[in-house]
Amino acid sequence: MIDSVRQSECIGVRKLLVSVSALGLSAATLAGPPASAVTLFGHGDFDGVLYSIDTDTMVVTGLNAPNTERDCCGPEIQISPNGSTIYWSTTDFDDFPQSLVSIDPVTGLTTDSLMLSGHPLDEIGNLTDTLTALEFVGNTLYGSAHDAGPETRPGVLVTVDLATGAMTEIGHMTGMNRPTGGMAWTGQTMYAVTATNNNDSSLFTIDLATGEATLVTPLTIGGAATDTVTGLAYVDGVMYAVTNRGTNDLYSIDLATGEMTALFNMGLSVNSLTALFGTPQETVNLFDQQHALSPAVMNHQAAAMSSGIQTVVLGRLGTLDSTTQVGATNHVQFASLNPAAHARPGEGNSAELAAAGGSSMAPASPWGVWIKGQGTGYDGEGSSFDGTTFDFLGGVDRRIGAKVLVGVLAGYGTANFDTRASGIDGEFDASGFHVGVYGGVAVTHNIYLDVLAAYSRLDYDTASGSTTGSFDADRGTVAANITARFPMGRVIVEPAAGITFSSERQDSYTDSASFRHDEETINAGRISVGPRVIMPVSLQSMELMPWAAVKAEYEFSNQDASANSGLPDIDGALSARLSAGVEATAGPNMNIGIRGDVSGLGSDEYLGYGGALTFRMAF
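Residues numbered from 1 in each chain as written. Predicted model: local features only at pLDDT ≥ 70, side-chain atom pairs only at ≥ 80, totals over all residues. Heavy atoms only, no water.

*Asks:* Account for the overall build of the chain, naming residues and giving values.
*Replies:* If you tally the helices and strands in the chain, you get 3 helices and 38 strands. Counting every position in the chain, which comprises 619 residues, the buried fraction comes to 55%. A total accessible area of about 22,900 Å² is found for the chain, and carbon and sulfur atoms account for 57% of it. (Helix = DSSP H or I, 4+ residues; strand = E, 2+ residues; numbered from the N terminus. Buried < 20%, exposed > 50% of the residue type's maximum accessible area, 1.4 Å probe, protein only. Areas by Shrake-Rupley, 256 points an atom, 1.4 Å probe, with all protein chains shown as cover.)

If you want it as structure tokens, here you go:
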């Protein structure tokens, strides 16, 4: 038995059995009135009886009592994603053999019991002994662990292994400074409430990667602060809540204001909620795919544009003066770096170029045009995704003097991926056009800077199992590269560093399961550093430049997928890229280049392999 002191201390963390299942499915939103009838299964306060509570008829019916010898005031429950099992977190205050009891949601009878282990320490070093909140995200069970002491410390976010009972600590739920009364996953956000006797219950969001809590709003009833909100459940777009403040009411919460509205009096004390069909796994997967693969597509397409511009700027401005030697020959071999260096008499004024600070070898024609086609295949780690991307780009530019180049570009890109998230097959496709401006400058005779700014409009289609969704997006991209050229014996070494950054606003949409996905802003970028080595070869009818390159690449993003999805997380990914190719000068004003790349080496997230063909011409 729990003595009176212990019982007083655990007010706000004791919770009773409730499960929630949707009888009908309507469009889910983040807040609003109940959209359809919901059936709750509640466990009476200290009487061990399982009740059904119909929100439509407001009828409460007693069912079988759970068959367990554990303390009847187990603090929390959570129903499995497939609705077959209710997991009940029990409390034993005499020692720490806390268990996770399995209950049949139809009969209310106990079917199994799993001893919990690995209890984490709270922020002052006390051993936690109670899971005061539970919530599934996909197939991963999250919990908030707390000790049954003062209500002035936050819980510890953990995951629970349903095979072994082992808890794995994620982090302290810093920011709450109170026990967690309940948690609820909306498909995009984990919400939590504090349960205290201090009239300061509040609504928080929880970072599932760190455990950190962020205040959303204090909770109120009729505009007045409330305490001991001990249960949350999100189903059909409604956030349900119950309290332990002396009422038997079922409430809904306005997620924007925190105001709680009494729906009806249940006639019994209930202080734990869980939603059976709150968010289908397929809908969660759509969210994860959007967050994991959008940054990958953004970085890929930004790099395709940036590398194309780098090639153009080096080709149009990248000449060396006539004193530079490569092996036993002089600048003639560098003509392949700039095919227009073969300018015919009368096509340019060498004196004017020299006066402008450039080389007399600079292209005679101020205008240039180029096109690029690129295809890449991707394989995700652990078969999380695979597919192809295709990019078609082109541009027109004008050289201003010998040192400056400005131009405009346009293009079209596609990405088509097959996915497997949380064990469910799906798809993620994107297509759209790009327009932009670019420029380059010869900083010195062998250092070149190129920059790019582009706008993209895209269409996305995504699917997981039988659930589908579509949304549009607007993206802005900026990129820059700085490249140097150094002759070393018979080769030319080009160390280079580049960065791309994209920010994309993705429209909100409602998927085919009638769940709404909010508007998103996704940021992603890549930093690349490494050398290219060129070995010019002079043939009778053309100049060839075979080359090879290696780069270290660091990717970053403000988004990632849930850990259990298995999808890639490119934020912070460090990898290597190997490239090789050849450029051929065919005539005085034409250049054709072909290259191959292997990327993502060592990232443990993906492997990419592809090739590109580029054609440039001065006119």
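*Asks:* Break down the sheet that holds strand β14 (residues 190-194) for me, citing the residues and quoting the values.
*Replies:* By definition, the strands of a sheet pair up through backbone hydrogen bonds, in either a parallel or an antiparallel sense. Pairing is antiparallel across the open sheet formed by 4 strands, whose spatial order is β13-β14-β15-β16. Two strands in the sheet have a free side with no partner beyond their single neighbour: β13 (180-185) and β16 (213-218). If you compare each strand with its neighbour and ignore which way they point, the axes differ by 25° on average. One ladder, built from 5 bridges, connects β13 with β14; its direction is antiparallel. Of the residues in β14, the one forming a bridge with Met183 is Ala192. (Pairing = 2+ DSSP bridges. Axes fitted to C-alpha atoms, helices over the stretch in contact; angles between N-to-C directions.)

*Asks:* Before we move on, could you go through the pairing of strand β35 (residues 543-557) and cite the residues and values that matter?
*Replies:* Across 9 bridges, strand β33 (residues 520-534) lies against β35 in antiparallel orientation. For Ala524, the partnering residue across the bridge sits in β35 and is Ser557. Sheet analysis places strand β34 (residues 537-538) next to β35, joined by 2 bridges and oriented antiparallel. Of the residues in β35, the one forming a bridge with Val537 is Leu544. Where β34 hands over to β35, the hairpin turn is made up of 4 residues, counted between the paired strands.

*Asks:* Tell me about the side chain of Thr483, and please be specific about residues and values.
*Replies:* By the element assignment, Thr483 lies in strand β28 (residues 467-484). Engagement of the side chain of Thr483 in a polar contact is seen with the side chain of Gln310, the distance being 3.0 Å. Residues in contact with Thr483, not counting those within four places in the same chain, are Gln310, Leu314, Asn446, Ile447, Tyr448, Glu494, Pro495 and Ala496. (Polar contact = N/O pair within 3.5 Å; in protein donor to acceptor, adjacent residues only side chain to side chain. Contact = heavy atoms within 4.5 Å.)

*Asks:* I'd love a proper account of the sheet that holds strand β19 (residues 229-235), names of residues and values included.
*Replies:* As summarised here, the arrangement of the 6 strands in space is β18-β17-β22-β21-β20-β19, forming an open sheet in which the pairing is mixed. The outermost strands of the open sheet, each flanked by one partner alone, are β18 (224-225) and β19. Bridge count for strand β20 (residues 238-243) against strand β21 (residues 249-253) is 3 bridges, and the pairing is antiparallel. Considered in β21, the bridge of Tyr240 is made with Ser252.

*Asks:* For unusual backbone geometry, give the residues involved together with the corresponding values.
*Replies:* For Ser383, which is not glycine, the phi torsion reads 60° and is therefore positive. Inspection of the secondary structure assignment puts Ser383 in the loop between β23 (367-380) and β24 (385-400). A residue is classified by how much of its surface remains accessible, and Ser383, at 56% relative accessible area, is exposed.

*Asks:* Before we move on, can you summarise the nonpolar core with the specific residues and values?
*Replies:* Grouped together as the largest cluster of nonpolar side chains are 17 residues, with contacts concentrated most on Met305, Ile309, Trp370, Leu405, Leu409, Tyr438 and Leu452. Elements that contribute at least two residues to this core include exactly α2 (281-317), β25 (404-421), β26 (424-442) and β27 (447-464). It is α2 that provides the largest number of residues to this core, a total of 7 residues. Apart from the residues within four sequence positions on either side, Leu409 is in contact with Met305, Ile309, Trp370, Gly394, Gly395, His434, Val435, Gly436, Tyr438 and Leu452. (Core = buried A, V, L, I, M, F, W, Y, C linked by side-chain atoms within 4.5 Å.)

*Asks:* Account for the environment of Gly566, naming residues and giving values.
*Replies:* Relative to the assigned elements, Gly566 resides in the loop between β35 and β36 (574-585). What makes Gly566 partly exposed here is its relative accessible area of 43%. A sequence separation of 144 residues divides Gly566 from Ser422, and the C-alpha atoms of the two residues are 6.4 Å apart. Apart from residues lying up to four places away in sequence, Gly566 is in contact with Glu381 and Ser384.

*Asks:* Could you give an account of the packing of aromatic side chains, naming the residues involved and the relevant values?
*Replies:* As enumerated under the stated definition, the model contains 11 aromatic pairs in all. Aromatic pair Trp367 and Phe619: ring centres 6.4 Å apart, planes at 25°, arrangement stacked. Linking Trp367 in strand β23 with Phe619 in the segment after β38 (606-618), this pair joins segments that are 252 residues apart in sequence. Taking the centre distance of 4.8 Å and the plane angle of 15° together, the rings of Tyr460 and Phe471 count as stacked. A residue pair is termed long-range when its members are at least 10 positions apart, and Tyr460 in strand β27 and Phe471 in strand β28 qualify at 11 residues. Grouping residues by exposure puts Tyr460 and Phe471 together as buried. Members of the aromatic cluster, joined through ring pairs, are Tyr378, Phe385, Phe417 and Tyr606. One residue, Arg532, lies across the ring of Trp547, its end atom 5.0 Å from the ring centre. (Phe/Tyr/Trp six-rings, centres within 6.5 Å; stacked < 30°, edge-to-face > 60°. Lys NZ or Arg CZ within 6 Å of the ring centre and 35° of its normal.)

So yeah, pure geometry; function would need other evidence.
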